[in-house]
Amino acid sequence: MHILTAVGIALGAGTIVTNRFIHKLPNWLAIVLFTAAWALIIAGMIVTRWHV
């Protein structure tokens, strides 16, 4: 697993856990963080595919 993918998964999971259990995030912030998480996951998959 590429480091970008791992960071993306951690960011997405952290966003969900924070939003549900710790403190309700504003919708715009949750959307930005989750979109960044997806972008990191996809970028990590693309980079891994190129360097195999």
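Below you will find a few notes about this structure. Since the model is a prediction, treat every value here as computed from it, not as a measurement.

Two numbers describe how helix 1 (residues 3-22) lies on helix 2 (residues 27-50): the axes approach to 7 Å, and their chain directions differ by 160°. Comparing their axes, helix 2 and helix 1 come out roughly antiparallel. Classified by chirality, the crossing of helix 2 by helix 1 is left-handed. Facing Leu4, Thr5, Val7, Gly8, Ile9, Leu11, Gly12, Thr15 and Ile16 of helix 1, the residues of helix 2 in contact are Ala30, Leu33, Phe34, Ala36, Ala37, Leu40, Ile41, Ala43, Gly44, Met45 and Val47. Taken together, the residues of the contact of helix 1 with helix 2 break down into 15 nonpolar, 5 polar and no charged.

Right, let's get into helix 1. Among the residues of helix 1, Thr5, Gly8, Gly12 and Thr15 are the ones counted as buried. When helix 1 is viewed along its axis, its buried side chains cluster within an angular range of 95° and face the same direction. Seen from the buried face of helix 1, the exposed residues on the opposite side, beyond 90 degrees, are Ile3, Phe21 and Ile22. Buried positions along helix 1 lie against helix 2.

Our focus in this paragraph is the side chain of threonine 5. With respect to the helices, strands and loops of the structure, threonine 5 is situated in helix 1. A relative accessible area of 8% means that threonine 5 is categorised as buried. Those residues in contact with threonine 5 that lie beyond four places of it in its chain are Leu40, Ile41, Gly44 and Met45.

On to the packing of aromatic side chains, then. Counted according to the given criterion, the structure contains 1 aromatic pair. Plain terms: the ring middles of phenylalanine 34 and tryptophan 38 are 6.4 Å apart, the flat faces sit at 80° to each other, and that makes the pair edge-to-face. You can see phenylalanine 34 and its partner tryptophan 38 sitting in helix 2, 4 residues apart, about one turn around the helix. Exposure remark for phenylalanine 34: the relative accessible area of 32% places this residue in the partly exposed category.

Criteria and thresholds
- Counting restarts for each chain: residues are numbered from 1 in the order of the written sequence.
- Given that this is a predicted model, residues contribute local features only at a pLDDT of at least 70 and side-chain atom pairs are listed and counted only at 80 or more, while totals for whole chains, interfaces and linings are drawn from all residues.
- With hydrogens and water stripped out, all remaining heavy atoms of the structure feed into the side-chain values.
- Lines are fitted to the C-alpha atoms to define the axes, a helix being fitted only along its stretch in contact, and any angle between axes, read from their N-to-C directions, falls within 0 to 180 degrees.
- Comment: elements are numbered from the N terminus, with helices defined as DSSP H or I runs of at least four residues and strands as E runs of at least two.
- Under this scheme an angle from 65 to 115 degrees is roughly perpendicular, one under 35 degrees roughly parallel, and one over 145 degrees roughly antiparallel; angles in between are oblique.
- By convention the crossing between two helices is left-handed if the near helix lies anticlockwise of the far one by an angle smaller than a right angle, and right-handed if it lies clockwise.
- Two residues form a contact once any of their heavy atoms are found within 4.5 Å.
- Gly is put with the polar residues, along with every residue not named as nonpolar or charged; the nonpolar set is Ala, Val, Leu, Ile, Met, Phe, Trp, Tyr, Cys and Pro, and the charged set is Asp, Glu, Lys and Arg.
- Partly exposed residues are those whose accessible area sits between 20% and 50% of the maximum for their type, while under 20% is buried and over 50% is exposed, using a 1.4 Å probe and protein chains only.
- Our arc is simply the arc of the directions from the helix axis toward the C-beta atoms.
- Planes of paired rings set the category: under 30 degrees apart is stacked, over 60 is edge-to-face and the rest tilted, where pairs are Phe, Tyr or Trp rings (Trp by its six-membered ring) whose centres lie within 6.5 Å.

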